[in-house]
Amino acid sequence: MHIQESMSMYEKLNILTDAAKYDVACTSSGTSRKGDGTGMGTCEQSGICHSFSADGRCISLLKILFTNECIYDCRYCVNRRSNDIIRTSFTPDEVCTLTMEFYRRNYIEGLFLSSGILRSPDYTMELIYAALYKLRRECNFQGYIHVKAIPGANTELIQRVGFLADRMSVNLELPTAESLRLLAPHKSRRNILTPMRLVQNRMEENKQELALYRNAPRFVPAGQSTQMIIGATPETDYQIIQVAESLYQKFELKRVFYSAFVHVNEDKALPKRTDEGPPLLREHRLYQADWLLRYYHFQASELLSEENPNFNVMLDPKCNWALKHLEQFPVEINRADYKMLLRVPGLGYKSAVRIVKARRLGVLGFTDLKKMGVVLKRAMYFITCSGRMMYPTKLEEDYITRNLLNVGERLPEEVRNMGYRQLSLFDDVRFGSGFYEKAGGTI
Amino acid sequence: MKTVYICNDTITGIFSAVYDAWRDRQREETCKIAFKNTLEQELFCEYRQVEETEHKAQAVENLIKKHLGRRAYWDLYHAVLSQDEEKGDAVLGTMLAAREIPDSTKIMEHLSHPKVAMAFRLGRNVEGEAHSYKGFLRFRELASGVLYSEITPKNQVLTCLAPHFADRLPLENWMIYDKTHQMFVVHEKAKKWVLVWNEDIDLSAASRVSDKEMEYARLWKSFVRTIAIESRTNPKCQLNHLPLHFRGDMLEMG
């Protein structure tokens with residue numbers, strides 16, 4: 001092994017940022033904290049985006065790996081041990097200085113610290129703890145910290161880190177246990193779910209502590225999240241959102257992130273490299289569905305089914321649902337209940353709240369809706385104001401679909417040119433049925 | 001005949017105009033609030049110069065807080081900071097409309113009223129811009145150790161930003177310069193922030209940055225470049241989230 005003694009900060013930051021960029025979450029939301037006047041930093045409930053990178057993703061946190069050395073050999077990961085890349089590590093001091101100096105220039109909202117596994121999960125977790133301890137207790141940093149819990153690390157250590165961080169996440173990596181066995185042979189589903197459960201239980205206890213003593217230390221106040229890779233394995237959208245739904249219900253997660261599979265390694269177990277790039281549209285549809293689960297009172301089983309297991313790429317999941325349930329429309333804006341308003345395409349939860357409040361004080365018409373932020377070009381097929389539709393339209397699936405597609409979001413060229421009729425059910429999954437057998441043989 | 005109240009485009013000015021119109025028992029259609037430097041003369045109007053005092057502004061603030069509630073006060077306060085010429089009318093119209101509904105604290109929910117809808121829209125727009133600047137603003141460390149920032153906002157967002165940064169960086173000396181409205185916020189270590197305008201401030205010190213500054217600027221630029229995933233490059237999406245008019249003052253976009 002070639003060991004370089006002195007690597008500059010600039011080189012280290014480049015390497016460890018490059019290695020961290022495939023991590024999805026960069027949100028700084030979920031907790032609100034005032035400064036106490038003795039140090040530096042605050043948190044805003046809504047989170048703050050500080051910049052946007054060339055791929056259009058928000059930069060809110062200093063997203064870095066503590067080290068890109070790793071004892072594991074996950075097939076999809078840049079940092080797998082069998083890859084020949086330059087390895088380096090930060091020291092806790094370097095992480096602190098970098099965070100503080102970036103923060104005071106208002107470059108960032110806080111720190112997102114993830115890591116490869118150096119020596120052992122415990123050893124790595126201890127290093128992370130050391131960095132966070134220094135940042136919180138010595139530098140008095142009160143900004144946002146998102147940290148990864150390393151599966152397999154000592155529970156005591158994970159708990160201690162949780163008292164220093166705002167958000168913790170354990171990567172689910174892949175949607176099913178079978179895929180995990182195949183692509184991440186050193187990780188197991190059980191190993192991943194254990195820390196997730198631990199954090200959940202500890203947060204529950206912490207709620208009671210806080211009820212008793214208002215100033216008790218807070219454990220992971222912004223909740224926990226997870227992420228999984230989409231498109232490296234043959235799961236359907238239905239399986240994926242069912243997994244997400246049960247994570248929200250059984251593990252009380254704040255967010256589930258989806259990351260379109262990016263080809264970084266050549267490996268027999270991975271899907272073939274194509275020219276199409278990562279399945280971004282599919283990822284987008286999953287996020288839309290995820291919002292429907294979290295904010296719009298939808299259930300996974302309403303959006304997809306065994307017979308119809310993948311999202312329509314042409315239409316967003318809410319439009320798709322509405323078109324299949326035209327018997328529930330049109331909805332009268334001045335009377336319909338809140339939950340039904342939420343189901344109207346083009347109507348978000350904020351405008352739904354505004355409508356419910358505003359109609360107590362006066363009758364609403366289409367111009368009022370427009371001012372409130374309702375997307376009328378989508379909503380107009382599904383609503384009436386005082387019994388009238390905006391324009392005379394037919395309440396018919398084909399008719400509405402055609403019109404929605406004309407004014408819809410910008411879809412990639414290939415998708416737009418396909419034409420809706422040929423592709424009422426399109427799936428983005430590029431696998432044959434024998435996937436597991438084929439790949440299984442290579443282990 | 002319409003009465004036009006003429007005032008300066010400041011909180012004190014607009015609130016004083018509202019005070020006078022309220023005192024004269026004007027209705028929405030009989031009056032208008034216009035600004036000294038952007039006034040366009042109209043026929044059949046009576047023009048009145050508003051005498052601007054802190055006392056009047058304070059009285060209007062108390063009136064709003066007492067009858068429309070604190071939440072509505074902040075909505076209207078933000079509307080007054082807007083770049084829109086008709087903001088004075090929107091605020092006065094909203095206050096007058098509040099007298100017509102049973103519970104005036106619910107006035108900001110009355111979005112089918114055009115003036116309320118307008119005040120709501122203006123307020124939201126200012127809050128939106130202020131929120132963006134909380135993230136997009138960049139400080140640079142000057143040779144004196146002071147953190148200095150320049151912004152070019154459309155609305156007068158400085159008073160929205162100052163409490164945020166005062167809470168966040170209490171132990172730093174910092175200063176934000178609003179190039180559009182030529183105003184400053186100055187914060188001295190462990191003291192309260194102050195708003196400064198109509199003063200000649202020598203900005204020559206602002207170009208002399210500290211030794212370390214170049215190094216951190218280089219690290220940050222490289223971080224922003226590296227964090228993007230090449231196969232996902234999407235300038236349109238980036239443009240949607242980070243419009244060009246913010247980029248001029250941002251280190252990493254230069």
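Residues numbered from 1 in each chain as written. Chains lettered and ligands numbered in written order. Predicted model: local features only at pLDDT ≥ 70, side-chain atom pairs only at ≥ 80, totals over all residues.

A. Highlighting the overall build of chain A. On a plain count of helices and strands, chain A comes out with 17 helices and 10 strands. Against the compact-globule benchmark of 22 Å for 443 residues, chain A has a radius of gyration of 24 Å, which places it among compact chains. When each of the 443 residues of chain A is scored for burial, the buried share is 44%. (Helix = DSSP H or I, 4+ residues; strand = E, 2+ residues; numbered from the N terminus. Rg over C-alpha atoms; globule rule 2.2 N^0.38 Å. Buried ≥ 20, exposed ≤ 12 C-beta atoms within 10 Å, placed from the backbone.)

B. Here's a closer look at the overall build of chain B. Per the secondary structure count, chain B includes 9 helices and 8 strands. Here the C-alpha coordinates of chain B stretch approximately 65 × 45 × 35 Å along the principal axes. Here chain B holds 254 residues, and 37% of them are scored as buried. Nonlocal contacts in chain B, meaning residues at least 24 apart in sequence, comprise 69% of its contacts between residues at least 6 apart. (Contact = placed C-beta atoms within 7 Å.)

C. Highlighting helix α4 (residues 155-162) of chain A. Along α4(A), the positions that sit buried rather than exposed are A:Ile158, A:Val161 and A:Gly162. The buried residues of α4(A) occupy an angular sector of 105° when projected down its axis, which confines them to one face. (Arc of directions from axis to C-beta.)

D. View of the interface of chain A and chain B. At the interface, 46 residues of chain A touch 44 residues of chain B. Within the residue set of the side of chain A that touches chain B, elements represented by two or more residues are α1 (9-18), β1 (51-52), β2 (58-59), α2 (92-104), α12 (349-358) and α13 (366-372) of chain A. Here the side of chain A that touches chain B gets 6 residues from one element, more than from any other, and that element is α1(A). Taken together, the residues of the side of chain A that touches chain B sort by class into 21 nonpolar, 13 polar and 12 charged. (Nonpolar A, V, L, I, M, F, W, Y, C, P; charged D, E, K, R; others polar.)

E. Examining the domain arrangement of chain A more closely. What the domain assignment reports for chain A is domain 1 (9-218) and domain 2 (317-410). Each of domain 1 of chain A and domain 2 of chain A has a C-alpha centre, and the two are 41 Å apart. (Domains from an automatic or database assignment.)

F. How the structure looks around the nonpolar core. Of all hydrophobic cores here, the largest spans 182 residues; its most connected members are A:Ile241 and B:Val91. If one sorts the elements of this core by residue count, helix α5 (residues 114-136) of chain B sits on top with 10 residues. If sequence neighbours within four positions are ignored, A:Ile241 has contacts with A:Leu286, A:Ala289, A:Leu293, A:Ala300, A:Leu303 and A:Leu304. (Core = buried A, V, L, I, M, F, W, Y, C linked by C-beta atoms within 7 Å.)

G. Main features of the domain arrangement of chain B. All names here are of chain B. Looking at the assigned domains, one finds that chain B contains domain 1 (2-127) and domain 2 (137-253). Put simply, the middle of domain 1 and the middle of domain 2, counted by C-alpha atoms, are 32 Å apart. If you look at the interface, domain 1 gives 4 residues, while domain 2 gives 4 residues.

H. Structural detail: the pairing of strand β3 (residues 61-65) of chain A. Residues and elements named next belong to chain A. When you tally the buried positions in β3, you get 5 out of 5 residues, the bulk of the element. Neither face of β3 is left uncovered, since the one carrying Leu61, Lys63 and Leu65 and the one carrying Leu62 and Ile64 both have all their residues buried. Sheet topology places β3 next to strand β4 (residues 110-114); 5 bridges connect them, and they run parallel. Counted as the bridge partner of lysine 63 is phenylalanine 112 from β4. For the segment spanning β3, α2 and β4, crossover handedness is right-handed. (Pairing = 2+ DSSP bridges. Right-handed = clockwise from strand over helix to strand, strands pointing away.)

I. Broad picture of the sheet that holds strand β6 (residues 167-169) of chain A. Residue and element names in this part refer to chain A. Pairing within the open sheet is parallel, and its 6 strands lie in the order β3-β4-β5-β6-β7-β8. Across the chains shown, the open sheet's two edge strands, defined by having one partner strand only, are β3 and β8 (255-260). On average, adjacent strands in this sheet sit at an angle of 20° to one another, irrespective of strand direction. Here β4 pairs with strand β5 (residues 144-148) via 4 bridges, running parallel. Paired with glycine 110 across the two strands is tyrosine 144, which belongs to β5. (Axes fitted to C-alpha atoms, helices over the stretch in contact; angles between N-to-C directions.)

J. Summary view of the environment of B:Phe139. By secondary structure assignment, the location of B:Phe139 is in the loop between α5 and β4 (140-141). For B:Phe139, a count of 22 C-beta atoms within 10 Å puts it in the buried group. It is 15 Å that separates the C-alpha atoms of B:Phe139 and B:Leu203, two residues lying 64 residues apart in sequence. Those residues in contact with B:Phe139, other than ones at most four positions away along the chain, are A:Arg104, A:Arg105, A:Asn106, B:Leu147, B:Tyr148, B:Ser149 and B:Trp174.

K. Structural view of the environment of A:Lys394. Residues and elements named next belong to chain A. By the element assignment, lysine 394 lies in the loop between β10 (383-384) and α15 (397-407). The exposed category is assigned to lysine 394, around which 10 C-beta atoms lie within 10 Å. It is 13 Å that separates the C-alpha atoms of lysine 394 and alanine 379, two residues lying 15 residues apart in sequence.

L. Seen up close, the sheet that holds strand β7 (residues 183-187) of chain B. Residue and element names in this part refer to chain B. Strand order across the open sheet formed by 5 strands is β4-β5-β6-β7-β8, with mixed pairing between neighbours. Of all strands in the sheet, those with a lone pairing partner are β4 and β8 (193-197), marking the two edges. Pairing geometry for β7 and β8, over 5 bridges, is antiparallel. Across the sheet, methionine 183 pairs through a bridge with tryptophan 197, a residue of β8.

M. Molecular detail of unusual backbone geometry. All names here are of chain A. The linkage connecting phenylalanine 329 with the following residue, proline 330, adopts the cis geometry, with an omega of -5°. Counting through the fold element by element, proline 330 comes out in the loop between α10 (317-324) and β9 (331-332). For asparagine 106, which is not glycine, the phi torsion reads 60° and is therefore positive. Position of asparagine 106 relative to the elements: it lies in the loop between α2 and β4.

N. Up close: α10(A). The buried count for α10(A) comes to 7 of 8 residues, which makes it a mostly enclosed element. Here the buried face of α10(A) lies against α8 (280-295), α9 (300-303), α14 (376-379) and α15 of chain A.

O. Broad picture of the packing of helix α3 (residues 70-80) of chain B against helix α4 (residues 87-98) of chain B. Residue and element names in this part refer to chain B. Where α3 contacts α4, the two axes come as close as 9 Å, and the packing angle between them is 160°. Our classification of the angle between α3 and α4 gives roughly antiparallel. When the axes of α3 and α4 are compared, the crossing they make is left-handed. Across the interface between the two elements, Leu76, Ala79 and Val80 of α3 pack against Lys87, Ala90, Val91 and Thr94 of α4. (Parallel < 35°, antiparallel > 145°, perpendicular 65-115°, else oblique. Left-handed = near helix turned anticlockwise from the far one by under 90°.)

P. Layout of the environment of A:Ser114. Residue and element names in this part refer to chain A. In this fold, serine 114 is placed in strand β4. Through-space distance from the C-alpha of serine 114 to that of serine 169 is 9.4 Å; in sequence the pair is 55 residues apart. If sequence neighbours within four positions are ignored, serine 114 has contacts with Ala20, Asp23, Leu65 and Lys148.

Q. Spatial organisation of the pairing of strand β6 (residues 174-178) of chain B. Residues and elements named next belong to chain B. Burial analysis of β6 places 5 of its 5 residues in the buried class, the great majority of the element. In terms of strand pairing, strand β5 (residues 147-151) meets β6 through 5 bridges, oriented parallel. When the bridges of β6 are listed, tyrosine 148 appears paired with methionine 175. Between β5 and its parallel partner β6, the chain crosses via helix α6 (residues 158-168), and the hand of that crossover is right-handed. Note that β6 and β7 share 5 bridges and pair antiparallel. Note that in β7 the partner of tyrosine 177 across the bridge is phenylalanine 184. Counted along the chain from β6 to the antiparallel partner β7, the turn is 4 residues long, and its residue glutamine 182 has a positive phi close to 50°.

R. Quick look at the packing of α1(A) against helix α7 (residues 211-227) of chain B. With their axes 9 Å apart at the nearest point, α1(A) and α7(B) run at an angle of 25° to one another. If you check the angle between α1(A) and α7(B), you find them roughly parallel. Classified by chirality, the crossing of α7(B) by α1(A) is right-handed. Together, A:Met9, A:Tyr10, A:Leu13, A:Asn14, A:Thr17 and A:Asp18 of α1(A) and B:Arg218, B:Leu219, B:Ser222, B:Phe223, B:Thr226 and B:Ile227 of α7(B) make up the contact between the two elements.

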